[in-house]
Amino acid sequence: GRGDPPYDADDSGACFLTANREGNSDVDGGSTILTSPRLDASDEGAMISYYRWYSNTLGAAYDDVFIVEISDNDGDDWTVLETIGPEGDEVDGGWFEKSFFIADVPGAMNTEAFRIRFIASDLGGPSTVEAGVDGVALTVLDCDGQSTGDIDGDGDVDSADLLALLAAWGFCGQCPEDIDGDGLVDAADLIMLLAHWT
């Protein structure tokens, strides 16, 4: 279609889109906002991850942006997490997976009143703006005396664990390579493993 994804990112068969119909279904003359429910991100190891799709290269190309924001006070105030566009490598479609430890985001705090929102806008010239969001997950890196990422159980997080994680990339049901337990071996698990590299 006209900048919209032909498939979802995590193979679940569903994702959030600016519109999901044939023809002229992009954002026009304003903004479309997708806001999460209230989430508990009070643990200092809380990490937000998601896949995003953005296309602004048709019509008045490179005229608009896609903004991802987070709030630590239930939406009273927002902090920009990402601004995609108006130009760059990630504005012509394609799913991109992103992960952020909330404690590492300047201006954000770990609270029980966390929200994330995605804002796709067509505020400039008559461009075709399409956006998608998939696989949003809030996970917690929990170090309870064990080394997270020690897949082979030898007491070290090393290249053997990395190779095992890469070999299991994709969907898995309760496999040790799925460090965050979301049923998918992906970049979030890789980040956790690398954070505990010995």
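Please refer to the structure higher up on the page.
Computed from a prediction, not measured in an experiment: that's the story for all the values here. (Residues numbered from 1 in each chain as written. Predicted model: local features only at pLDDT ≥ 70, side-chain atom pairs only at ≥ 80, totals over all residues. Heavy atoms only, no water.)

**Some remarks on the packing of aromatic side chains**
Two numbers describe a pair of aromatic rings. These are the distance of the centres and the angle of the planes.
Stage number 1. Within this structure, the stated rule accounts for five aromatic pairs.
Stage number 2. Chaining the aromatic ring pairs together yields one cluster made of Y50, Y54, F66, F100 and F118. (Phe/Tyr/Trp six-rings, centres within 6.5 Å; stacked < 30°, edge-to-face > 60°.)

**What about the environment of E90?**
Stage number 1. Structurally, E90 is set in the loop between β5 (79–84) and β6 (96–101).
Stage number 2. In contact with E90, not counting residues within four places along its chain, are R52, Y54, I84, F96 and K98.
Stage number 3. Within the local environment of E90, its side chain forms a polar contact with the side chain of K98, the two groups lying 3.3 Å apart. (Helix = DSSP H or I, 4+ residues; strand = E, 2+ residues; numbered from the N terminus. Contact = heavy atoms within 4.5 Å. Polar contact = N/O pair within 3.5 Å; in protein donor to acceptor, adjacent residues only side chain to side chain.)

**Some thoughts on the nonpolar core**
Stage number 1. Core analysis: the largest hydrophobic core is formed by 21 residues, its most contacted members being F66, L81 and I116.
Stage number 2. When residues in this core are grouped by element, the largest group, four residues, is from strand β3 (residues 46–59).
Stage number 3. Setting aside chain neighbours within four positions, we find L81 in contact with I48, Y50, V68, E69, I70, F100, V105 and I116. (Core = buried A, V, L, I, M, F, W, Y, C linked by side-chain atoms within 4.5 Å. Buried < 20%, exposed > 50% of the residue type's maximum accessible area, 1.4 Å probe, protein only.)

**Here's the deal with unusual backbone geometry**
Stage number 1. The omega torsion across G85 and P86 is 5 degrees, close enough to zero to call that bond cis.
Stage number 2. By secondary structure assignment, the location of P86 is in the loop between β5 and β6.
Stage number 3. Here D11, not a glycine, exhibits a phi torsion of approximately 60 degrees, which is positive.
Stage number 4. Mapped onto the elements, D11 comes out in the segment before β1 (16–17).
Stage number 5. Relative accessible area serves as the criterion here: at 60%, D11 is assigned to the exposed category.
Stage number 6. Here the phi dihedral of D74 falls at roughly 65 degrees; this positive angle occurs in a residue that is not glycine.
Stage number 7. By the secondary structure assignment, D74 is in the loop between β4 (66–71) and β5.

**Some thoughts on the state of the cysteines**
Stage number 1. Going through the model one piece at a time under the given rule, you end up with one disulfide.
Stage number 2. The partner cysteine of C172 in its disulfide is C175, sulfur to sulfur 2.0 Å. Looking along the S-S bond of the C172-C175 disulfide, the torsion reads about -70 degrees, which is the left-handed sense.
Stage number 3. For C172, a relative accessible area of 16% corresponds to the buried category. (Disulfide = S-S within 2.5 Å.)

**Details of the sheet that holds β3**
Stage number 1. Ordered by their spatial adjacency, four strands build an open sheet running β1-β8-β3-β6, and the pairing between neighbours is antiparallel. With one partner strand each, in any of the chains shown, β1 and β6 form the two edges of the open sheet.
Stage number 2. The pairing of β1 with strand β8 (residues 127–140) spans two bridges and is antiparallel. Note on β8: the bridge partner recorded for F16 is V133.
Stage number 3. Strands in contact with helix α2 (residues 187–195) are β3, β6 and β8; relative to β6, the strand with the most contacts, it is inclined by about 40 degrees. (Pairing = 2+ DSSP bridges. Axes fitted to C-alpha atoms, helices over the stretch in contact; angles between N-to-C directions.)

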